[in-house]
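One letter stands for each residue in the lines below.
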Amino acid sequence: MDEAIEWTDRRTLDGGTLELGFRVARGASTVPGVLWLPPSHISSPPRLVLLGHGGSGHKRSARIASLACWFASFAGLASLAIDGPHHGDRVPSPLPASEYQARIAEEGIDVVLDRMADDWQATVNALSTLGLVDADNLAYLGMSMGTRFGIPLAAALSGRLRCAVLGKFGLWQGPALAKGMEAPERIATDARRITAPTLFHIQWHDEIFPRDGQLALFDALGAPDKQLIGYTGAHTDTKPVATTLWRDFVSRHLATHR
């Protein structure tokens, strides 16, 4: 199926990064997204970082936008973010966590995982067809819900994925999340298919995803080259040094595949 892109907004940010909002038509549905391009265009399309936002966030969340601008300005990389299921412009107004979790659980977590992976790949392919990005050299970075939906995508990308930064997520979850969101067998199976170098981040006192489940997920990752970093603090805590490690890991691995 051919995907058509409708551009919705365009602006140049401080430092020259170009931010392009769009929608990708996919049959009866659309995928809302944002593409960030480096300030100076080069002769070949830039390599691409896929940025997955966390629960109750959206494609232009502060962390997503900050990472995208850094990758564009300091690493010469493009970045792409799309709204998660029942998040951002996929819904008329923001939903509380209990509501979007209930909707995902009602539809079936496997169905939603598959559709989100398809949305990502369709968007990447559409942008690549326009010559805007290099779809053969990709990285993925996403925490929490960004890892939940990033693992099936990373597995599907296979040899196109050069590295992944994942974390704040595990094979098991605490009582704060809807039971129907849990899919340990599916996630473990997809994790084993990820062979690209992977950096995995754990918050040692995570109250949403138990530490043993996060360690089990790290163990399940099929990447021969995988690294584990851990920091004290709760689920939403993120030390600046950790963000720096994420960025450096991605930029280093995309730079080595030239």
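In case you missed it, the structure is sitting above this.
Below or above, wherever it landed, is the structure these notes cover. (Residues numbered from 1 in each chain as written. Predicted model: local features only at pLDDT ≥ 70, side-chain atom pairs only at ≥ 80, totals over all residues. Heavy atoms only, no water.)

## Looking at the nonpolar core
Okay, step 1: Counting residues in hydrophobic clusters, the biggest one holds 55 residues, and the most contacted among them are Leu35, Leu48, Leu50, Leu80, Trp120, Leu161 and Leu217.
Okay, step 2: The element best represented in this core is helix α3 (residues 109–129), accounting for 8 residues.
Okay, step 3: Beyond its immediate sequence surroundings of up to four residues, Leu48 is in contact with Leu35, Ala78, Ser79, Leu80, Val124, Val133, Asp134, Asn137, Leu138, Ala139 and Leu254.
Okay, step 4: Among the nonpolar cores identified, the runner-up in size contains 25 residues, and Ile64, Ala68, Ala139 and Ile229 belong to it. (Core = buried A, V, L, I, M, F, W, Y, C linked by side-chain atoms within 4.5 Å. Buried < 20%, exposed > 50% of the residue type's maximum accessible area, 1.4 Å probe, protein only. Helix = DSSP H or I, 4+ residues; strand = E, 2+ residues; numbered from the N terminus. Contact = heavy atoms within 4.5 Å.)

## Here we look at the packing of aromatic side chains
Note on aromatic pairs: each is described by the distance of the centres and the angle between the planes.
Okay, step 1: Overall, the coordinates contain 6 aromatic pairs when judged by the stated rule.
Okay, step 2: Relative to Phe22, the ring of Trp7 has its centre 5.7 Å away and its plane inclined at 75 degrees; by these criteria the two rings are edge-to-face. On the criterion of sequence distance, the pair formed by Trp7 in strand β1 (residues 4–12) and Phe22 in strand β2 (residues 18–26) is long-range, its members being 15 residues apart.
Okay, step 3: Assessed through its relative accessible area of 38%, Trp7 is described here as partly exposed.
Okay, step 4: Joined through ring pairs, the aromatic side chains of Trp70, Phe71 and Phe74 make up one cluster.
Okay, step 5: The ring of Phe218 carries the charged tip of Lys226 above its face, separated from the ring centre by 5.0 Å. (Phe/Tyr/Trp six-rings, centres within 6.5 Å; stacked < 30°, edge-to-face > 60°. Lys NZ or Arg CZ within 6 Å of the ring centre and 35° of its normal.)

## Considerations on the pairing of strand β4 (residues 47–52)
Okay, step 1: Counting buried positions along β4 gives 6 out of 6 residues, so the element sits mostly inside the fold.
Okay, step 2: What you see with β4 is no split at all: Arg47, Val49 and Leu51 on one side and Leu48, Leu50 and Gly52 on the other are buried throughout.
Okay, step 3: Pairing of β4 with strand β6 (residues 134–142), which is carried by 6 bridges, proceeds in the parallel orientation. If you follow Val49 over to β6, its bridge partner there is Ala139.
Okay, step 4: With 3 bridges connecting them, β4 and strand β5 (residues 78–82) associate as parallel partners. Paired with Leu50 across the strands is Leu80, a residue of β5.
Okay, step 5: Crossover handedness for the path β4 to helix α1 (residues 62–75) to β5: right-handed. (Pairing = 2+ DSSP bridges. Right-handed = clockwise from strand over helix to strand, strands pointing away.)

## Brief notes about the side chain of His253
Okay, step 1: Position of His253 among the secondary structure elements: in helix α7 (residues 240–255).
Okay, step 2: Residue classification places His253 among the buried residues on the basis of a relative accessible area of 10%.
Okay, step 3: In terms of polar contacts, His253 uses its side chain to reach the backbone carbonyl oxygen of Phe249, at 2.9 Å.
Okay, step 4: Ignoring anything within four residues of it in the chain, the contact list for His253 reads Arg162, Cys163, Pro197 and Asp225. (Polar contact = N/O pair within 3.5 Å; in protein donor to acceptor, adjacent residues only side chain to side chain.)

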